[in-house]
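So the chains spell out like this:
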Amino acid sequence: MAPADTHSATEWNGSAVAHTVGRGCARCARRREEHHMGTAGLETQPSATTYDLEDLVANAWAGRIRVPHFQRDFRWVTQDVLRLFDSIVKGYPIGSLLLWVRDSPSDTLTLGRLKIDAPAAADTLWVVDGQQRITSLANALHPEGHQHAPFSVYYDLAARQFVPQPKLREPQHIPLPVLFDLEKLIDWFAGEGRSAAEHFKEAQRVAKVLRQFKVPAYLVRQNDEKILTDIFDRMNNYGKRLSRAEVFSALFAGPEEGARERLSLSLIADHVADRTGFGTIDDDTVLSAILARRGPDPARDIRREFELAGRRTALEFPDEDRDTAYRLGEEALVRAVEFLQKEAGVPHLALLAYRAPLVVLTRFFAHFPHPEPNSLRLLRRLYWRLAVSGPAVFKGSFTQVGRVLSARIKQGDERASVGGLMDAMADARPTVPNADRFKTNEATAKIVLSAWWSLQPRSLATGKPFDAQDLTALLADQTTAATVAYRIFPRGLSPRQHLLAANRLFLPTEDDPVNELAGAIARRPVGVDEAQWALVLASHNIDPAMVRALDRGDHAEFLSRRQEVIAGQLRAFLERMAEWDYEDTPSLDSLDLDEVDELAE
């Protein structure tokens, strides 16, 4: 057997792994694309047609619609099924189907929770695109399928909306299989639904819309299954899906009139960048920050964000409109960024290890805009413990970071909120990242760069320290520090040496001799005295022994010594910022001692 085709991929934490070629990999997708670009296409173009929903479902129940083996499993949940039926009744398009017409033998099929004895036929329809929709329709409208989640859908005649199976059935709750079948509908109003007779016309209306809803479809007649799997692959792997922020912006865009004057997620990101010099935060993170400010789950469903009805959990600012939420969200995000810059030692977005802590901090500073000094110290510990140990504590899921930590922040109780945040990291253990692999798009390099920034790195040309404005000017909107973390030896090293942090200098400058760094380190420039030059070298974790190694041309010795110093400085930086050995409790000056004395009496 030939070995599996493998190539390098990247895990969430940036480490290289061997990857077996599969459907989900972009490189593999390109290979399949290149292969099929040279094969024959369809013999005839797909024909367009429409089905009444009633006929489409009848075909599915009769076994004339089947799901090919290359389709993914059913993935929809109850909310997806509810939204599908809501779209149908509102007359919204639900997308077209792509159906493969072919001869098929008799078979026993499984469609969702339905078992179907399907006869042989010459014109069965195999679902290339539309499986989730057809499976949901066929099950939710069938007496058997309706008994199981996520297909247990009812129509609330009084509220005029589709709902999941109610815990307590009311007379106005009608099951979809009853609503869909005219004879059953009449019988239901004559019996179980007699007390809901006033809603009979509404039931008739919805039943008619369901049965007569037009579903567009393309029919493909082609015997080559490879071409069908290629079509499926292209439909599911090519093109760019809308991001969560793009969907949210579309849902709550407001009227066209005055659109240019209203805040948007992108405009908020621009404002934050202008006000702080932190760089431009991506729209999805801005959205998560705004959602976190308004409620404890930043990953919640966004479709009813500004509606009071139909919510499972109450929002903390229920009367806000979109514009107010955006404006106050921007203010909280600015305070969170300023905390990172002034207290946590993260001057720019390019040095932010992960985005999730920024979302959590936005929620905290929304509720507590002027926290106690001790709260700031504990928040600094929190950020750095998350940066180095968060992946282990939260098993790599930074969606969970946002959810778990945001839920710990309680409106009106700053100390309990900070205590809850620290308790959530109780399982964190002191950790120092390995600086042997320095890639500016990975968290380890961002942590190392923050440690280097704490040394106030100085110019090799002037001896003066760089400041935040230098960093902002050069990094601007970049999300990595690749343009200011220069290689000392661009060539002539082994692959391992090439990746070492010791082979990098942090120089946010346009004046330093970045093309000949080894020579610049070895020679003190004119105009910089020895004492100042010693400060310059120390600000880059370089000592005299390393300079002597450079003079001898011993690159390996230079890198070995500097790597050891870098590891020590990183360890000391993290010990200072994360304060692993300190008690995560309020300071004495934050306690109400008068109240303690009263209790003692």
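Residues numbered from 1 in each chain as written. Predicted model: local features only at pLDDT ≥ 70, side-chain atom pairs only at ≥ 80, totals over all residues. Heavy atoms only, no water.

(A) Spotlight on the overall build of the protein. Check the secondary structure of the protein and you find 24 helices and 14 strands. A separation threshold of at least 6 residues defines the contact pool for the protein, and within that pool the share at least 24 residues apart is 70%. Carbon and sulfur atoms make up 50% of the accessible area of the protein, which totals about 30,800 Å². (Helix = DSSP H or I, 4+ residues; strand = E, 2+ residues; numbered from the N terminus. Contact = heavy atoms within 4.5 Å. Areas by Shrake-Rupley, 256 points an atom, 1.4 Å probe, with all protein chains shown as cover.)

(B) Representation of helix H2 (residues 53-61). Three or more residues of H2 are buried, namely Leu 53, Leu 56, Val 57, Asn 59 and Ala 60. All buried residues of H2 lie within an arc of 155° about the axis, which places them on one face of the element. Looking at the residues trailing H2, positive phi occurs at Gly 63, about 85°. (Buried < 20%, exposed > 50% of the residue type's maximum accessible area, 1.4 Å probe, protein only. Arc of directions from axis to C-beta.)

(C) The arrangement of the sheet that holds strand E11 (residues 173-175) in detail. If you walk across this open sheet you meet the three strands as E10-E9-E11, and the pairing is antiparallel. The open sheet has two edge strands with one neighbour each: strand E10 (161-164) and E11. Averaged over all adjacent pairs, the angle separating strand axes in this sheet is 40°, with direction ignored. When strand E9 (residues 153-156) meets E10, the two strands line up antiparallel, connected through four bridges. Bridge assignment links Asp 156 to a residue of E10, and that residue is Gln 161. Helix-sheet contacts for helix H3 (residues 78-89) involve E9 and E10, and the interaxial angle to E10 is about 165°. (Pairing = 2+ DSSP bridges. Axes fitted to C-alpha atoms, helices over the stretch in contact; angles between N-to-C directions.)

(D) Representation of empty space enclosed by the protein in the model. If you walk through the whole model with that rule in mind, you get one cavity of 30 Å³ or more. Of the voids in this model, the largest cavity is the one considered here, and its volume is about 40 Å³. Among the elements that line the lining of the largest cavity, the one with the most residues is strand E14 (residues 504-506), at three residues. (1 Å grid on protein atoms, 1.4 Å probe; cavity = no way out; pocket = protein on both sides within 12 Å on 5 of 7 lines; lining within 4 Å. Points joined across faces, edges and corners; volume = space filled by probe spheres on them.)

(E) Broad picture of the sheet that holds strand E3 (residues 47-52). Pairing in this open sheet of five strands is mixed, and the strands run E3-E12-E5-E8-E4 from one edge to the other. The sheet is open, and its two borders are formed by E3 and strand E4 (65-66), each paired with just one other strand. Pairing geometry for E4 and strand E8 (residues 121-129), over two bridges, is parallel. When the bridges of E8 are listed, Arg 66 appears paired with Trp 126. Contacting E3, E4, strand E5 (97-104) and strand E12 (214-221), H2 runs over the sheet at an angle of about 95° to E3.

(F) Representation of the side chain of Ser 152 in the model. Structurally, the position occupied by Ser 152 is in the loop between helix H4 (131-140) and E9. Of the residues examined, Ser 152 reaches a relative accessible area of 8% and is grouped as buried. Polar contacts involving the side chain of Ser 152 include one to the main-chain carbonyl oxygen of His 146, which spans 2.8 Å. Residue contacts for Ser 152: discarding those within four places in its chain leaves His 146, Gln 147, Val 163, Pro 164 and Gln 165. (Polar contact = N/O pair within 3.5 Å; in protein donor to acceptor, adjacent residues only side chain to side chain.)

(G) Structural view of the pairing of strand E6 (residues 107-111). Pairing of E6 with strand E7 (residues 114-118) involves five bridges; the strand directions are antiparallel. Across the sheet, residue Leu 111 finds its bridge partner in E7, namely Leu 114. Here E6 hands over to E7 after two residues, with Gly 112 in that stretch at a positive phi of 65°.

(H) Spatial organisation of the nonpolar core. Of all hydrophobic cores here, the largest spans 105 residues; its most connected members are Leu 340, Trp 384 and Ile 521. The element that contributes the greatest number of residues to this core is helix H14 (residues 373-393), accounting for nine residues. Leave out the neighbours within four places in its chain, and Trp 384 touches Ala 344, Val 346, Ile 447, Ser 450, Phe 573, Leu 574, Met 577 and Ala 578. Residues Leu 111, Ala 140, Ala 196 and Ala 217 belong to the second largest nonpolar core, which totals 50 residues. (Core = buried A, V, L, I, M, F, W, Y, C linked by side-chain atoms within 4.5 Å.)

(I) Quick peek at helix H12 (residues 322-342). The terminal C-alpha atoms of H12 lie 30 Å apart, and with 21 residues this matches the ideal 30 Å at 1.5 Å per residue to within 8%. Listed as buried for H12 are Arg 322, Ala 325, Tyr 326, Gly 329, Glu 330, Ala 332, Leu 333, Val 334, Ala 336, Val 337, Phe 339 and Leu 340. Of the surrounding elements, those touching the buried residues of H12 are helix H9 (244-251), helix H10 (265-276), helix H11 (283-294), helix H13 (356-367) and H14. (Expected span 1.5 Å × (residues − 1).)

(J) Quick peek at the environment of Leu 507. With respect to the helices and strands, the residue Leu 507 is situated in the loop between E14 and helix H20 (517-522). Through-space distance from the C-alpha of Leu 507 to that of Ala 481 is 10.0 Å; in sequence the pair is 26 residues apart. Those residues within four positions of Leu 507 in sequence are excluded, and the remaining contacts are Arg 458, Leu 460, Phe 466, Val 484, Tyr 486, Asp 512, Val 514, Leu 517 and His 540.

(K) Spotlight on the pairing of E5. Summarising burial for E5: six of the eight residues are buried, a large majority. Relative to E12, E5 runs parallel, the two sharing five bridges. By the bridge assignment for E12, Leu 99 is matched with Leu 219. Strand direction decides the pairing type here: E5 and E8, joined by six bridges, are antiparallel. In the sheet register, Leu 99 faces E8, and the bridge partner there is Val 127.

(L) Fine view of unusual backbone geometry. Of note, the amide linkage connecting Ala 149 to Pro 150 takes the cis form, showing an omega dihedral of 5°. With respect to the element layout, Pro 150 can be found in the loop between H4 and E9. A positive phi angle, near 50°, is found at Ala 476, a position not held by glycine. Checked against the element boundaries, Ala 476 lands in the loop between helix H18 (468-475) and strand E13 (485-487).

(M) How the structure looks around the packing of H14 against helix H23 (residues 555-578). Two elements in contact, H14 and H23, have axes separated by 7 Å at closest approach and are oriented at 135°. With respect to H23, the element H14 is oriented oblique. Across the interface between the two elements, Arg 380, Arg 381, Trp 384, Arg 385 and Val 388 of H14 pack against Phe 573, Leu 574, Arg 576, Met 577 and Ala 578 of H23. Counted by class, the contact of H14 with H23 contains six nonpolar, no polar and four charged residues. (Parallel < 35°, antiparallel > 145°, perpendicular 65-115°, else oblique. Nonpolar A, V, L, I, M, F, W, Y, C, P; charged D, E, K, R; others polar.)

(N) Geometry of the environment of Pro 143. Examined against the element boundaries, Pro 143 turns out to sit in the loop between H4 and E9. Pro 143 gets classed as partly exposed once you look at its relative accessible area, which sits at 35%. Apart from the residues within four sequence positions on either side, Pro 143 is in contact with Pro 177 and Lys 184.

(O) Up close: the environment of Ala 451. Locating Ala 451 in the fold gives a position in helix H17 (residues 443-453). Taking the C-alpha atoms as reference points, Ala 451 and Arg 571, 120 residues apart in sequence, are found 9.1 Å from one another. Residue contacts for Ala 451: discarding those within four places in its chain leaves Gln 569, Leu 570 and Phe 573.

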